[in-house]
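Structural features, examined
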Amino acid sequence: AYSHYWIDANNVYQDLSSFKKLYVKFHNCAWSVSSLSSDNNANSCGSTHANSEDQWWVGMNPCMGANVAYSLYGILSSDLSYFQNNHCSSKTFINSFFTTDGLTSFTEAASTSTLNYVSNLNQVCSINENGYGIGTGCSSDGTFTLSKFNGACSSGNYISTTNTLDSLNKALTEEMECQLIYSSDGSSADYATNLLSHSVACQLNVGTSQQSSKACPDPFGIVRKYEINFILAQQAQASMISPTERREHVKFVAFVTLMSVGVALILLRLCQLRRLRQQNRRFHEQKYMEEEDSTITADADSIAYAVAYAVYS
């Protein structure tokens, strides 16, 4: 089994003490579920109109936004020195995630200049007097943009790009190539806790009718491998039967077998009786023919005797 794979961000957080170091790598912008939902009232998304944050109206869509798609890497306390010298590799890959708070928690470990880009960025959608939403979006090639939307930004009704945010995208690519976010020895501030609490594991949707998520990073094919293994495990579990079902199955097979044997014996006996009847019929027919022949022969002898007597007397 792959020792560094964790299924979701909460599991990583719970096992944080098992890690010596954690690193992140920026991949792209992902339009996914967002907690930055000040435009809920305009878009009627999320749980704003429910009685609590855990309740959702039937048919209500989740609030969407421009989030960070990143891969997470970890060096366990028990890892050999090889792992400690290969920070962001297939050997230390944990999983791929989407943030839920846009760029905020992901860029906490970045430089001051990148933090300034983010702090000045209008991540929370603002709707102008014309009803257009202005906020962070994702381009078709996976970069962050400042975009104009028809109504609430979380609706995803994109109209146009107002700023390509080239400086921000360059900073993310260069600075967050393999950035340390946690160290158990205290040599680095703990940026992991906040990031993990605002992250969800992303999926490729392998083997489903859903369209494969191109935004979900899979730099080493490990996410795909584990999704396939999960599907196979589900299929294997579905094909397994309980002890009670197994006993009932054995009883059914035994019943069918006994019934088949019984029917076969009945058919065999019927064939035997038919054969006996045919033999009896042939026997009686042959006996009858023999009796007829004897009668005819006797009659002929009597007639011959009578003729001879008449002639000679």
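Remember, it's a predicted structure, so these values are computed and weren't measured experimentally.

On to the packing of aromatic side chains. With the rule as written, the count across this model stands at eleven aromatic pairs. Ring geometry for Tyr70 versus Phe106: centroids 5.3 Å apart, planes at 40°, classification tilted. A residue pair is termed long-range when its members are at least 10 positions apart, and Tyr70 in strand E2 (residues 64-76) and Phe106 in the loop between strand E3 (93-99) and helix H4 (112-119) qualify at 36 residues. As far as the burial class goes, Tyr70 and Phe106 line up, both buried. Through a chain of ring-to-ring contacts, the aromatic side chains of Phe26, Tyr70, Phe97, Phe106 and Phe144 assemble into a single cluster. One cation-aromatic arrangement involves Lys148 over Tyr132; the distance from NZ or CZ to the ring centre is 4.2 Å.

Turning to the state of the cysteines, a few remarks are in order. Tallied over the entire structure, the rule returns four disulfides. The disulfide partner of Cys202 is Cys216, and the gap between their sulfur atoms is 2.1 Å. Because the sign of the S-S torsion sets the handedness, a value of about 70° for the bond joining Cys202 and Cys216 places this disulfide among the right-handed ones. On the criterion of sequence distance, the pair formed by Cys202 in the loop between strand E9 (199-201) and helix H7 (222-239) and Cys216 in the loop between E9 and H7 is long-range, its members being 14 residues apart. Accessibility classification places Cys202 together with Cys216 in one group, the buried group.

Taken together, the side chains of Arg274, Arg277, Arg281 and Arg282 make up a positively charged region of the molecular surface. Secondary-structure assignment places Arg281 in helix H8 (residues 243-312).

With that settled, consider empty space enclosed by the protein. One simple way to see leftover space: roll a probe sized like a water molecule over the atoms. Evaluated as defined, the whole model comprises one cavity of 30 Å³ or more. Within this model, the largest cavity holds a volume of roughly 110 Å³. If you go around the largest cavity, you meet 13 residues; those closest to its centre are Leu36, Met64, Gly65, Ala66 and Gln123. Secondary structure elements with two or more residues in the lining of the largest cavity: E2 and strand E5 (132-138). The element that contributes the greatest number of residues to the lining of the largest cavity is E2, accounting for three residues. The residue inventory of the lining of the largest cavity, partitioned by class, reads six nonpolar, six polar and one charged.

Another aspect to go through is the pairing of strand E6 (residues 144-150). Here E6 lies mainly inside the structure; five of its seven residues are buried. Bridge count for E5 against E6 is seven bridges, and the pairing is antiparallel. Bridge pairing in E6 places Gly137 opposite Thr145. Remark: five residues form the turn of the hairpin made by E5 and E6, two consecutive strands paired antiparallel; Gly142 in that turn has positive phi of roughly 85°. Direction of pairing for E6 relative to strand E7 (residues 158-163): antiparallel, over a ladder of four bridges. When the sheet's bridge partners are listed, Leu146 is paired in E7 with Asn163.

This part takes up a nonpolar patch on the surface. Taken together, the side chains of Val263, Ile266, Leu267, Leu270, Leu273 and Leu276 make up a nonpolar region of the molecular surface, amounting to roughly 520 Å² of accessible area. Inspection of the secondary structure assignment puts Leu273 in helix H8.

Moving on to the environment of Phe149. Mapped onto the elements of the fold, Phe149 is located in strand E6. Discounting residues that sit within four places of it in the chain, Phe149 has contacts with Trp31, Tyr132, Gly133, Gly135, Thr136, Gly137, Gly156, Asn157, Tyr158 and Ile159.

Thresholds, definitions, all that
Residues numbered from 1 in each chain as written. Predicted model: local features only at pLDDT ≥ 70, side-chain atom pairs only at ≥ 80, totals over all residues. Heavy atoms only, no water. Phe/Tyr/Trp six-rings, centres within 6.5 Å; stacked < 30°, edge-to-face > 60°. Helix = DSSP H or I, 4+ residues; strand = E, 2+ residues; numbered from the N terminus. Buried < 20%, exposed > 50% of the residue type's maximum accessible area, 1.4 Å probe, protein only. Lys NZ or Arg CZ within 6 Å of the ring centre and 35° of its normal. Disulfide = S-S within 2.5 Å. Patch = residues over 30% accessible without salt bridge, like charges linked within 9 Å, V, L, I, M, F, W, Y side chains within 5 Å. Areas by Shrake-Rupley, 256 points an atom, 1.4 Å probe, with all protein chains shown as cover. Salt bridge = Lys/Arg side-chain N within 4 Å of Asp/Glu carboxyl O. Lys, Arg positive; Asp, Glu negative; His and termini not counted. Charge placed at Lys NZ, Arg CZ, Asp CG, Glu CD. 1 Å grid on protein atoms, 1.4 Å probe; cavity = no way out; pocket = protein on both sides within 12 Å on 5 of 7 lines; lining within 4 Å. Points joined across faces, edges and corners; volume = space filled by probe spheres on them. Nonpolar A, V, L, I, M, F, W, Y, C, P; charged D, E, K, R; others polar. Pairing = 2+ DSSP bridges. Contact = heavy atoms within 4.5 Å.

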